[in-house]
Amino acid sequence: MVHQTNEPIWEAVENFLMKEYSYDPFEDWVVINGDGAPWITACREYFGDRGTSA
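Described below are features of the structure shown in this document. Here the structure is a predicted model, which is why all the values come from computation and not from measurement.

Topic: the packing of aromatic side chains
Two descriptors summarise a pair of aromatic rings, namely the distance from one centre to the other and the angle between the planes of the rings. Within this structure, the stated rule accounts for 3 aromatic pairs. Measuring from centroid to centroid gives 4.9 Å for Tyr46 and Phe47, while their planes differ by 85°, and the two rings are edge-to-face. On the accessibility criterion, Tyr46 (29% relative accessible area) is partly exposed. According to the relative accessible area criterion, Phe47 is buried, its value standing at 1%.

Below is the structure:
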């Protein structure tokens, strides 16, 4: 995914997941994996209970 809109980044990511992978935010989880960088924390905060760390 390349973020090319004015839409907030995590909303754009979620919309991409819905379009490309039939992600359903009411049924599916987002697995967030990384080194603890600030963007990882921001992603975890955005997805909240719908996300988990691996």
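Regarding helix α1 (residues 9–21)
In this model, α1 (13 residues) spans 17 Å end to end at C-alpha, consistent with the 18 Å of a helix rising 1.5 Å per residue. Listing the buried residues of α1 in full gives Trp10, Ala12, Val13, Glu14 and Leu17. Turning to α1, the residues buried within the fold contact β1 (30–32) and α2 (38–47). Once α1 ends, the next one or two residues include Ser22, with phi positive near 55°.

Focus on the layout of surface pockets
What the largest pocket holds in volume is close to 150 Å³. Here the lining of the largest pocket is composed, by residue class, of 4 nonpolar, 4 polar and 3 charged.

Examining the nonpolar core
Residues Trp10, Val13, Leu17, Tyr23, Val30, Ile32, Ala37, Ile40, Cys43 and Phe47 constitute the largest nonpolar core, which totals 10 residues. Mapped by element, the contributors of at least two residues to this core are α1, β1 and α2.

Parameters and conventions
- Residues numbered from 1 in each chain as written.
- Predicted model: local features only at pLDDT ≥ 70, side-chain atom pairs only at ≥ 80, totals over all residues.
- Heavy atoms only, no water.
- Phe/Tyr/Trp six-rings, centres within 6.5 Å; stacked < 30°, edge-to-face > 60°.
- Buried < 20%, exposed > 50% of the residue type's maximum accessible area, 1.4 Å probe, protein only.
- Helix = DSSP H or I, 4+ residues; strand = E, 2+ residues; numbered from the N terminus.
- Expected span 1.5 Å × (residues − 1).
- Contact = heavy atoms within 4.5 Å.
- 1 Å grid on protein atoms, 1.4 Å probe; cavity = no way out; pocket = protein on both sides within 12 Å on 5 of 7 lines; lining within 4 Å.
- Points joined across faces, edges and corners; volume = space filled by probe spheres on them.
- Nonpolar A, V, L, I, M, F, W, Y, C, P; charged D, E, K, R; others polar.
- Core = buried A, V, L, I, M, F, W, Y, C linked by side-chain atoms within 4.5 Å.

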